Amino acid sequence: MALDILETTPLPEIEGRFNAMHQASRSGPAWSKAQRLVFLGKLRDVATTARHDIAAAISEDFGNRAVEETMMAEIMPSISMIQHTAKHLAAWMKPEKRSTAPTFWPATTRVHYQPKGVVLIVAPWNYPFQLSIIPLAAALAAGNRVILKPSEFTPRTSSLLKERLEAALGPDVVTVATGGPDVAAALSGFPFDHILFTGSTAVGYKVMAAAARHLTPVTLELGGKSPAIVHEAADVTKSAERIVRGKLLNAGQTCIAPDYALVQRARMPAFLDAYRSVTKRFYPRVLDNAQYTSIVNGRHYDRLMALLADARTRGAAIEVVDPAGELPMGEAGSSNTRKIAPVLLTNVKDDMAIMQEEIFGPLLPVVPYDTLDDALAYVNARPRPLALYYFDTDNNRIADVLKGTTSGGVTINDTLLHVAQEDAPFGGIGPSGMGAYHGREGFLAFSHAKTVLHQSRFAMTGLADPPYGAAFNTIMKAAMRMAGGGRG
């Protein structure tokens, strides 16, 4: 599929489909468990049968990305999450019995989960398949109709999503709205019942402002500067290996990639040596290596090169890890291939752009610290990150780090892996996001939890009817005692 410019879904067509979805969500019964399982099965079939086309489209969109990387980071997580969702759907859909306040016995209370209605999912370019399919699976499991807006930066993948998803599920269930910012802006004017947006914090502000016009609830999956803290007691070689793996997957274009490393000052030389060594082992070549991913487009390539230039101008020490010597001396990347070699930065300062912005590339600032308290203070003085990584062998210190920091998620002694746990929520906090999904939390995010109290015909609540008198006062005194309010 050769697309130079992404075809835009006509706005009247999108609006017509939204109106039809909206009407259907208000007029007919919610989809049954059986119907939702059919949808999930069709979604799984798309991920399975189209996997090679998806990998090829993503690689072409990026300029180069290894098929193996797409299979590992996009296809398999999507299929696994769909399978997990289908397996547990019956239990998630079942009304939950809740306790009823004693004063209202013998009434019963349950929470019923029902679809919100029509959901907008805005997916990013860095993992264009996974970050479309996993929230889509959650929204369908909850019984919603969906409009999916994939990124214009990955046009081939977006076109493929539109073709395969609408054919498999029907545009009345899933409509894929392709196009650029004009399509996203138009969609923001529709009264959706929920919006899930994955992308930058700056755009997240705009999405939330647009949603406020209709009081639409939002789930924001953003990013930020996720730290990796290496304690002096950690195995420095193993720590560096796992940070390299997390940092250089997709050439750093991962929202939960380690953004910078905090390393105990005395261990800095050993860490830098280990990082170089592991990088050379993983990627013995950079430019002529089909397993090393390109930067997605010229705009992001230029942005990363500008971060390096700013850091160099402000006094950072910059080391390009170029094992095969493919780049001219002093150069970090090739604009022809849009590949940027792994880069280590030391002597970084807070006023450098690279220490203020999310990097989203293969550049790793390494910051020394003296005590663990200093490292935690450094992290806590900055916006709360989407992820935090801590390397240590002492369980008491690990517990202190977990208590002393707040982040969207944490992996101890590795990177990225918390996001791959199907039965655990994924989400940020503050500037790194709002709300969570994955697993049951995904089902809940797209469901309305409706409390239903079923009153018995033998209820005693009539004793509290006016006019109030002695019987009422007796009931109130008893209720106060049951509530722990004393003798009243």
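Look up a bit, the structure's there.
Below, the structure is looked at part by part. Not measured: the values here are computed from a predicted model. (Residues numbered from 1 in each chain as written. Predicted model: local features only at pLDDT ≥ 70, side-chain atom pairs only at ≥ 80, totals over all residues. Heavy atoms only, no water.)

## Some words on unusual backbone geometry
At the junction of Trp 105 and Pro 106, the peptide bond is cis and its omega measures out at 5° in the coordinates. Note on placement: Pro 106 falls in the loop between strand S1 (96–98) and strand S2 (108–115). Phi is positive for Arg 338, close to 55°, though the residue is something other than glycine. Mapped onto the secondary structure, Arg 338 falls in the loop between strand S11 (333–334) and strand S12 (339–340). Of note, Phe 360 is a non-glycine position whose phi angle comes to about 60°, a positive value. Assignment of secondary structure puts Phe 360 in the loop between strand S13 (343–346) and strand S14 (363–369). (Helix = DSSP H or I, 4+ residues; strand = E, 2+ residues; numbered from the N terminus.)

## Digging into helix H1 (residues 11–27)
With 17 residues, H1 extends 24 Å from end C-alpha to end C-alpha; this agrees with the ideal 24 Å at 1.5 Å per step. Buried within H1 are the following residues: Ile 14, Phe 18 and Met 21. Relative to the axis of H1, the buried residues are bounded by an arc of 65° and lie together on one face. Structural note: H1 exposes Pro 12 and Ser 27 on the side pointing more than 90 degrees away from its buried face. (Expected span 1.5 Å × (residues − 1). Buried < 20%, exposed > 50% of the residue type's maximum accessible area, 1.4 Å probe, protein only. Arc of directions from axis to C-beta.)

## Points about the nonpolar core
Core analysis: the largest hydrophobic core is formed by 87 residues, its most contacted members being Leu 43, Leu 136, Leu 140, Leu 165, Val 174, Phe 271 and Val 366. For this core, the leading source of residues is helix H5 (residues 130–141), giving 9 residues. In terms of nonpolar packing, the next biggest core, distinct from the first, is built from 33 residues, Ala 353, Tyr 369, Tyr 378 and Ile 398 among them. (Core = buried A, V, L, I, M, F, W, Y, C linked by side-chain atoms within 4.5 Å.)

## Describing the layout of surface pockets
Where empty space is left becomes clear once a probe the size of a water molecule has been rolled over the atoms. What the largest pocket holds in volume is close to 1,400 Å³. The wall of the largest pocket is formed by 49 residues, among which Phe 197, Gly 199, Ser 200, Thr 201 and Val 203 lie closest to the centre. Those elements giving two or more residues to the lining of the largest pocket turn out to be strand S3 (118–122), helix H7 (181–187), strand S6 (194–198), helix H8 (201–212) and helix H11 (298–313). In terms of residue count, H8 provides more of the lining of the largest pocket than any other element does, 6 residues in total. Here the residues of the lining of the largest pocket are counted per class, giving 26 nonpolar, 13 polar and 10 charged. As a volume, the second largest pocket reaches approximately 520 Å³. Among the elements of the structure, helix H4 (67–93) and H5 are those that each provide at least two residues to the lining of the second largest pocket. Ranked by residues supplied to the lining of the second largest pocket, first place goes to H4 with 6 residues. (1 Å grid on protein atoms, 1.4 Å probe; cavity = no way out; pocket = protein on both sides within 12 Å on 5 of 7 lines; lining within 4 Å. Points joined across faces, edges and corners; volume = space filled by probe spheres on them. Nonpolar A, V, L, I, M, F, W, Y, C, P; charged D, E, K, R; others polar.)

## Observations concerning the packing of helix H2 (residues 33–49) against helix H6 (residues 155–169)
Running from N to C, H2 and H6 cross one another at 150°; their axes reach a closest spacing of 10 Å. Judged by the twist between their axes, the crossing of H2 over H6 is right-handed. Of H6, the residues touching H2 (which contributes Phe 39, Lys 42, Leu 43 and Val 46) are Arg 164, Leu 165, Ala 168 and Leu 169. (Axes fitted to C-alpha atoms, helices over the stretch in contact; angles between N-to-C directions. Left-handed = near helix turned anticlockwise from the far one by under 90°. Contact = heavy atoms within 4.5 Å.)

## Here's the deal with the environment of Arg 338
Spatially, the C-alpha atom of Arg 338 lies 39 Å from that of Asp 193, the residues being 145 residues apart in sequence. Residue contacts for Arg 338: discarding those within four places in its chain leaves Asp 61, Phe 62, Gly 63, Ser 294, Ile 295, Val 296, Asn 297, Gly 298 and Tyr 301. Among the polar contacts listed, one links the side chain of Arg 338 to the backbone oxygen of Val 296, at a separation of 3.0 Å. (Polar contact = N/O pair within 3.5 Å; in protein donor to acceptor, adjacent residues only side chain to side chain.)

## Points about the sheet that holds strand S17 (residues 433–434)
With mixed pairing, the 6 strands of this open sheet are ordered in space as S5-S4-S3-S6-S7-S17. In this open sheet, the two strands that pair with only one neighbour each are strand S5 (174–176) and S17. Taken together, the 4 bridges between S3 and S6 define a ladder with parallel strand orientation. When the sheet's bridge partners are listed, Leu 120 is paired in S6 with Ile 195. (Pairing = 2+ DSSP bridges.)

## So, the side chain of Asp 193
Assignment of secondary structure puts Asp 193 in the loop between H7 and S6. Asp 193 sits in the buried class, given a relative accessible area of 13%. A polar atom in the side chain of Asp 193 sits 2.7 Å from the side chain of Arg 26. Of the polar contacts made by the side chain of Asp 193, one reaches the backbone nitrogen of Val 118; its length is 2.8 Å. Residues within four places of Asp 193 in sequence aside, it is in contact with Arg 26, Lys 116, Gly 117, Val 118, Thr 216 and Pro 217.

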